[in-house]
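Structural features, examined
Next come the chains, spelled out residue by residue.
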Amino acid sequence: MLTGRDILIYKSIIYEGDFEKICESIRKREEIDRERLARELSNLKCSVTTILDDDFPQYLTHVKNPPLVLFYYGDISLINDYKNNLAVVGSRIPSEYGKKVTRHFVSELSKDFTIVSGLANGVDTIAHETALENNGKTVAVIGCGIENCYPTENLPLSERIKKEGLLIS
């Protein structure tokens, strides 16, 4: 028996997370290739939460075109505690001053906040690394598939975040 959760995961995979395409497919009651569904579900290495699940970040349900499915590695509760999350973003090619200031602020702020950034080069990388170096919590929100680390030079960092924080797509 297919569940709504399975259908959302399947459609999110085949439509690469495109909200409009997923919704249109559901509205049209497009056929589900059950063999492909089984294959896709069995091939998942990461954890998954859907808008139907209790651990899905409730604040995301209030945005226009919310993600219907989140793929992740690590501790999903870090993203749910949004009142204690602090986004740190900046230049991909920061000046020496920018690097120094990022390290300084994140080393202090990561004592009380979970640092959220995008795993991009520059300030994002410095923010994640600094949070981890100071035994803080960090969340990397990536815009590519969960199994694709970009930039590739951040692969060791993404692996560490998977174990000590949250990597989410």
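Scroll up a little and you will see the structure.
Before going into details, it helps to say that this report is about the structure given with it.

Analysis parameters
Residues numbered from 1 in each chain as written. Predicted model: local features only at pLDDT ≥ 70, side-chain atom pairs only at ≥ 80, totals over all residues. Heavy atoms only, no water. Axes fitted to C-alpha atoms, helices over the stretch in contact; angles between N-to-C directions. Helix = DSSP H or I, 4+ residues; strand = E, 2+ residues; numbered from the N terminus. Left-handed = near helix turned anticlockwise from the far one by under 90°. Contact = heavy atoms within 4.5 Å. Buried < 20%, exposed > 50% of the residue type's maximum accessible area, 1.4 Å probe, protein only. Pairing = 2+ DSSP bridges. Core = buried A, V, L, I, M, F, W, Y, C linked by side-chain atoms within 4.5 Å.

**Some remarks on the packing of helix H5 (residues 96–109) against helix H6 (residues 123–133)**
Look at H5 against H6: their axes get within 9 Å of each other, and the N-to-C directions meet at 35°. Both H5 and H6 take part in a crossing whose hand is right-handed. Residues Lys99, Thr102, Arg103, Val106 and Ser107 of H5 touch H6, and the partners they reach there are Val123, Ile126, Ala127, Thr130 and Ala131.

**Some words on H6**
Counting buried residues along H6, nine of its eleven residues qualify, which places the element largely inside the surrounding structure. Along H6, the positions that sit buried rather than exposed are Val123, Asp124, Thr125, Ile126, Ala127, His128, Thr130, Ala131 and Leu132. Tucked inside the fold, the buried residues of H6 contact H5, strand S4 (114–117), strand S5 (138–141) and helix H7 (155–164). Once H6 ends, the next one or two residues include Asn135, with phi positive near 60°.

**Overview of the pairing of strand S2 (residues 69–74)**
With respect to burial, S2 is a largely interior element, five of its six residues being buried. Where strand S1 (residues 47–50) and S2 come together, four bridges link them in antiparallel fashion. In the strand pairing of S2, Thr49 is matched with Leu70. In the sheet, S2 pairs with strand S6 (residues 166–168) via three bridges, with the strands oriented antiparallel.

**A few points about helix H1 (residues 4–14)**
Taken together, the buried positions of H1 are occupied by Asp6, Leu8, Ile9, Tyr10, Lys11 and Ser12. On its buried side, H1 packs onto helix H2 (19–27), helix H3 (34–43), S1 and S2. Just downstream of H1, Glu16 is the residue with a positive phi angle, here 50°.

**Describing unusual backbone geometry**
Omega for the bond connecting Tyr150 with Pro151 falls within 30 degrees of zero, at 0°, which places this linkage in the cis form. Structurally, the position occupied by Pro151 is in the loop between S5 and H7. Phi at Leu119 is positive, roughly 70°, even though this residue is not glycine. Among the secondary structure elements, Leu119 is positioned in the loop between S4 and H6. Leu119 sits in the buried class, given a relative accessible area of 1%. The backbone phi angle of Asn135 is positive, close to 60°, even though this residue is not glycine.

**Details of the nonpolar core**
Counting residues in hydrophobic clusters, the biggest one holds 19 residues, and the most contacted among them are Val69, Phe71, Leu119, Ile146, Ile161 and Leu167. Elements supplying a minimum of two residues to this core: H1, H2, S2 and H7. In terms of residue count, the dominant contributor to this core is S2 (three residues). In this view, Ile146 contacts Cys46, Phe71, Tyr72, Tyr73, Leu167, Ile168 and Ser169; residues no more than four positions away in its chain are not counted. If you look at the next biggest cluster of nonpolar residues, it comprises eleven residues, including Leu70, Tyr72, Ile76 and Leu166.

As far as function goes, none of this settles anything; it's purely spatial.
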